Amino acid sequence: MKKKLEILVVDDEPDIRELLEITIGRMGLKTASAESVQDAIALLSKREFALCLTDMKLPDGSGMDVIQYIQREIPQLPVAMITAFGNVETAIGALKAGAFDFIAKPIDLERLRSLIQSCLRLEDSSEPVGYNNTAQLIGNTPIMKELRKQIQKMARSQAPIYISGESGSGKEVVARLIHANGPRASGAFIPVNCGAIPNELMESEFFGHVKGSFTGAHEDKKGLFEAAHGGTLFLDEVADLPLAMQVKLLRAIQEKSVRKVGSNQEVSVDVRLLSATHKNLKLEMEEKRFRGDLFYRINVIEIHVPSLRERTDDIPLLADKILRQLADEWQLPKPTLSDDAYDTLQSHDFPGNVRELENILERAFTLCESEQITSDDLQLPQLETSTTNFTAIENTSVDFSGFESLEKYLEYVEKDILQRVLDQHRWNRTAAAKSLGMTFRQLRYRLQKLGLDGDGAE
């Protein structure tokens with residue numbers, strides 16, 4: 001017969017204890033009660049529990065004392081804090097100390113049941129994470145092993161997490177793994193690029209709208225928060241949110257509810273919030289481009305994703321995985337990398353990180369003439385001085401407005417250059433390739449990549 005799960009309730013108010021015991025009992029679970037920190041620790045040291053619910057204020061200390069004891073002695077046991085309504089600082093402090101989640105008084109019983117169910121879905125696993133069906137964290141360097149440990153720990157919490165790191169380093173992969181290894185894995189993972197949503201549509205995208213609320217609103221629409229209900233909402237490039245939207249986002253996070261555009265009713269939402277940006281969020285806050293109150297709300301715990309420069313020893317593993325995927329996708333034999341190609345890759349700076357490595361290897365896979373990719377096939381920029389005259393470029397200020405990323409801007413510039421050279425040579429691609437210092441095959445690849453592979457003279 002399966003052992004009945006037991007939950008420890010720590011609160012010195014009899015009415016609150018009774019409410020919690022009745023609610024938990026109706027869920028088919030046993031309870032044990034403690035009125036003080038000392039009583040709680042005595043029970044925790046003798047018996048096994050599936051969850052601990054503790055009030056913040058106790059006669060001989062605080063709920064933080066209970067959390068700290070659990071983190072030190074029984075780290076696999078989830079603990080949730082009961083806080084006074086509106087006491088955000090206490091809640092954040094509890095999450096930073098290691099609490100699974102928090103619930104405010106007066107206690108919402110539906111929210112309490114949801115919290116308990118999430119806790120009971122946690123799996124006690126000490127195995128480091130790195131893979132699931134949609135995300136892979138490749139690498140065996142010490143910095144990556146430490147990152148896996150952080151992901152494993154953060155997956156067991158409901159605390160909002162801020163994922164920092166350079167563009168292309170794998171922030172979304174980390175977010176997906178936190179979701180996949182936590183109690184919300186069966187729920188939706190909703191990623192959104194905050195910089196890609198037009199300002200006028202942002203509120204509707206996040207919170208939804210009702211039919212007829214504005215021109216073009218032909219039917220009711222769920223927002224991203226509702227779509228992520230019971231799962232995880234990943235806000236990528238969160239620093240790109242306009243200030244007006246930051247205010248509304250903060251309210252939705254604090255109230256755990258949203259109001260659709262054109263509606264007067266609040267809709268409760270239960271989401272795990274993860275956010276990321278390649279920008280320095282503290283600097284954005286200091287420069288008044290990002291609200292301080294929102295910063296502290298989403299940055300309860302920070303995870304930093306290392307750049308590829310910090311883990312060059314992982315390049316062989318990454319390269320093998322990328323080439324294997326390309327070979328499977330194109331149904332071709334997987335090429336190998338020559339020793340000089342490995343040396344070239346490991347000495348490259350990789351400002352675009354793993355995403356740049358993927359692009360380099362895709363290009364090399366396409367252009368290599370044999371089943372081995374050499375250093376020449378990689379086409380990485382050389383350090384020696386070029387004979388090209390860059391004066392015009394140096395004296396031109398770069399305007400990134402209208403582009404969602406540096407990668408999109410560079411794609412636009414390359415496309416413009418190719419079109420100019422092709423026009424100059426009346427779309428004779430052989431002549432254009434020669435003037436650009438590349439082979440015809442290389443030019444054809446670039447044209448296909450940029451959507452310029454129309455008919456033209458050879």
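The preceding data block contains the structure.
Residues numbered from 1 in each chain as written. Predicted model: local features only at pLDDT ≥ 70, side-chain atom pairs only at ≥ 80, totals over all residues. Heavy atoms only, no water.

What follows is about the pairing of strand 6 (residues 79-83). For a regular strand, the rule is simple: side chains alternate between the two faces of the sheet. Buried residues dominate strand 6, accounting for five of its five residues. Side chains Val79, Met81 and Thr83 of strand 6 all project onto a buried face; the interleaved residues Ala80 and Ile82 project onto the opposite face, where all are buried too. Relative to strand 6, strand 3 (residues 51-55) is paired through four bridges, and the arrangement is parallel. Following the sheet pairing, threonine 54 is matched in strand 6 by methionine 81. (Buried < 20%, exposed > 50% of the residue type's maximum accessible area, 1.4 Å probe, protein only. Helix = DSSP H or I, 4+ residues; strand = E, 2+ residues; numbered from the N terminus. Pairing = 2+ DSSP bridges.)

Further remarks concern the nonpolar core. Membership of the largest hydrophobic core comes to 47 residues, with the highest contact counts inside it found for Leu8, Leu44, Ile163 and Val174. Take this core: its biggest share by element is five residues, from helix 3 (residues 63-73). Setting aside anything within four residues of it in sequence, one finds isoleucine 163 in contact with Lys171, Val174, Ala175, Ile178, Phe234, Ser275, Ala276, Thr277, Ile303 and Val305. By size, the runner-up hydrophobic cluster in this structure holds 31 residues, among which are Ala239, Leu249, Val269 and Leu281. (Core = buried A, V, L, I, M, F, W, Y, C linked by side-chain atoms within 4.5 Å. Contact = heavy atoms within 4.5 Å.)

Below, the discussion takes up the sheet that holds strand 7 (residues 101-104). Strand pairing in a sheet is mediated by backbone hydrogen bonds. Such pairs are either parallel or antiparallel. Spatially, 2-1-3-6-7 is the arrangement adopted by the five strands of the open sheet, whose pairing is parallel. Among the strands making up the open sheet, the edge pair consists of strand 2 (30-34) and strand 7. Adjacent strand axes in the sheet meet at a mean angle of 20° when their direction is disregarded. (Axes fitted to C-alpha atoms, helices over the stretch in contact; angles between N-to-C directions.)

On inspection of all chains with the given rule, the structure shows 24 salt bridges. In this structure, arginine 291 engages aspartate 293 in a salt bridge whose closest nitrogen and oxygen atoms are separated by 2.8 Å. The partly exposed category is assigned to aspartate 293, whose relative accessible area is 34%. Each of Glu13, Asp55 and Lys105 takes part in a single network of salt bridges with overlapping partners. (Salt bridge = Lys/Arg side-chain N within 4 Å of Asp/Glu carboxyl O.)

Moving on, we come to the environment of leucine 337. Relative to the helices and strands, leucine 337 resides in strand 17 (residues 336-337). The class for leucine 337 is buried, based on a relative accessible area of 8%. Here the alpha-carbon distance between leucine 337 and threonine 374, two residues 37 residues apart in the chain, equals 6.3 Å. Dropping the residues within four chain positions of it, leucine 337 is found in contact with Ala319, Leu323, Tyr342, Leu345, Leu361, Gln372 and Ile373.

Right, let's talk about the packing of aromatic side chains for a bit. Each aromatic ring pair is characterised by the separation of its centres together with the angle its planes make. Summed over the entire model, instances satisfying the criterion amount to six aromatic pairs. Aromatic pair phenylalanine 295 and tyrosine 296: ring centres 5.1 Å apart, planes at 80°, arrangement edge-to-face. Consider the rings of tryptophan 330 and phenylalanine 365, whose centres lie 4.9 Å apart with planes at 75°: the pair is edge-to-face. One end of the pair, tryptophan 330, is in helix 13 (residues 315-330); the other, phenylalanine 365, is in helix 15 (residues 353-367), with 35 residues separating them in the sequence. The exposure class assigned to phenylalanine 365 is buried, which follows from its relative accessible area of 7%. Following the ring pairs from residue to residue traces out a cluster consisting of Phe206, Phe207 and Phe225. (Phe/Tyr/Trp six-rings, centres within 6.5 Å; stacked < 30°, edge-to-face > 60°.)

Moving on, we get to the sheet that holds strand 8 (residues 161-164). Strand order across the open sheet formed by five strands is 9-12-15-8-16, with parallel pairing between neighbours. The open sheet has two edge strands, strand 9 (189-193) and strand 16 (301-304), and neither has a second partner. Pairwise comparison of adjacent strand axes, ignoring direction, gives a mean angle of 20° for this sheet.

Spanning 14 residues, helix 6 (residues 142-155) covers 20 Å between terminal C-alpha atoms, matching the ideal 20 Å at 1.5 Å per step. Structurally, helix 6 contributes buried residues whose contacts are with strand 8, helix 7 (171-180), strand 15 (272-277) and strand 16. (Expected span 1.5 Å × (residues − 1).)

With that settled, consider the pairing of strand 15. Among the six residues in strand 15, six count as buried, and that is most of the element. Sheet analysis places strand 8 next to strand 15, joined by four bridges and oriented parallel. Bridge assignment links tyrosine 162 to a residue of strand 15, and that residue is serine 275.

A few words on the packing of helix 19 (residues 429-436) against helix 20 (residues 440-449). Two numbers describe how helix 19 lies on helix 20: the axes approach to 9 Å, and their chain directions differ by 100°. Regarding the angle of helix 19 to helix 20, the classification is roughly perpendicular. The residues of helix 20 that touch helix 19, namely those facing Arg429, Thr430, Ala432, Ala433 and Leu436, are Phe440, Leu443 and Leu447. Split by residue class, the contact of helix 19 with helix 20 holds six nonpolar, one polar and one charged. (Parallel < 35°, antiparallel > 145°, perpendicular 65-115°, else oblique. Nonpolar A, V, L, I, M, F, W, Y, C, P; charged D, E, K, R; others polar.)

Here the bond from lysine 105 into proline 106 is cis, since omega is -5°, no more than 30 degrees from zero. Structurally, proline 106 is set in the loop between strand 7 and helix 5 (109-120). Backbone geometry places lysine 256, a non-glycine residue, at a positive phi of 55°. Looking at where lysine 256 falls in the secondary structure, it is placed in the loop between helix 10 (243-255) and strand 13 (257-259). A relative accessible area of 28% means that lysine 256 is categorised as partly exposed. In this structure, asparagine 353 is a non-glycine residue whose phi angle is positive, near 60°. With respect to the secondary-structure elements, asparagine 353 resides in helix 15.

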